[in-house]
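# Reading the structure
Listed here are the chains, written in short residue letters.
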Amino acid sequence: YNDFRKFMQLDTQQVALKVAKAEDDYGAEYEMVDGIGVGAGVIDRLVHMGRSPLEVIAGQKASDPRYYNKRAEMWGLTREWLQKGGSIPNDPDLIKELTAPLYGFTPKGKIQIESKKDLRNSGSGSPDTAESLIHTFAFPVAGDRVNKDDDDYDYRDNYRNRNVGRSTVTGY
């Protein structure tokens, strides 16, 4: 999909309705929603609507030991997907935000992405549009399978087929 929708100034109820409509329009099985801050209200509303959103917590432990946290892992998986030919809309905000964060390594050698606070302080702003894409890489999904906890499962296998498991909002 290359249908890309952006919404501004919506409350959590309105966002939940947009997500539910997109899920219905695309026939998607899952929606990944940031579970911190405003997204928590969106998740609550989606659950009350009978939906099953997958809560994304960027600060949680990464599944891949190369990464410091889930946020770094999602950015890394997005990077790998794009390098393998993933397609994104020609959206200036998205492109700017995808290229803004720097990365480094923790003392233990894990990949860490520049914090949102540091991005804002450097004048780049918060990468909200980019995060709508990277959150689609939070969990491996394929058809009716979501595997958030299986340590033996190679989640990268599901990312080789780009026609499954994308966000209902971004269409990826």
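Everything discussed here concerns the structure shown above.
Our subject in this report is the structure included herewith. (Residues numbered from 1 in each chain as written. Predicted model: local features only at pLDDT ≥ 70, side-chain atom pairs only at ≥ 80, totals over all residues. Heavy atoms only, no water.)

### Overview of the overall build of the protein chain
In terms of helices and strands, the protein chain carries seven helices and six strands. Its helices and strands in sequence order give the protein chain the pattern α-β-α-β-α-α-β-β-α-α-β-β-α, from N to C terminus. Expressed as a percentage of the 172 residues in the protein chain, the buried residues total 41%. Sequence-distant contacts in the protein chain: of pairs separated by 6 or more residues, those separated by 24 or more amount to 56%. For the protein chain, the computed accessible surface area is about 9,700 Å², with 49% contributed by carbon and sulfur atoms. (Helix = DSSP H or I, 4+ residues; strand = E, 2+ residues; numbered from the N terminus. Buried < 20%, exposed > 50% of the residue type's maximum accessible area, 1.4 Å probe, protein only. Contact = heavy atoms within 4.5 Å. Areas by Shrake-Rupley, 256 points an atom, 1.4 Å probe, with all protein chains shown as cover.)

### Considerations on the nonpolar core
Of all hydrophobic cores here, the largest spans 23 residues; its most connected members are Met32, Leu54, Val56, Trp75, Leu98 and Ala138. Secondary structure elements with two or more residues in this core: strand E2 (54-56), helix H3 (70-83), helix H4 (92-99), strand E4 (111-113) and helix H6 (128-134). If we skip the residues at most four places from it in the chain, Val56 touches Met32, Val33, Asp34, Gly35, Ile36, Met74, His135, Ala138 and Phe139. In this structure, Ala16, Val19, Ala20 and Leu46 belong to the second largest nonpolar core, which totals seven residues. (Core = buried A, V, L, I, M, F, W, Y, C linked by side-chain atoms within 4.5 Å.)

### Description of the packing of aromatic side chains
The full count for this structure, using the stated rule, is two aromatic pairs. Consider the rings of Trp81 and Phe137, whose centres lie 5.6 Å apart with planes at 55 degrees: the pair is tilted. Pair noted here: Trp81 is in helix H3 and Phe137 is in the loop between H6 and strand E5 (141-142), with a separation of 56 residues, a long-range link. Residue Trp81 is classed as buried on the basis of its relative accessible area, which comes to 5%. With a centroid separation of 6.0 Å and 75 degrees between ring planes, the pair formed by Tyr103 and Phe105 is classed as edge-to-face. There is no split in this pair, since Tyr103 and Phe105 are both exposed. (Phe/Tyr/Trp six-rings, centres within 6.5 Å; stacked < 30°, edge-to-face > 60°.)

### As for the environment of Leu133
Mapped onto the fold, Leu133 is located in helix H6. Looking at Leu133, the relative accessible area reads 0%, which means it is buried. Along the sequence, Leu133 and Ile88 sit 45 residues apart, while their C-alpha atoms lie 9.1 Å from each other.

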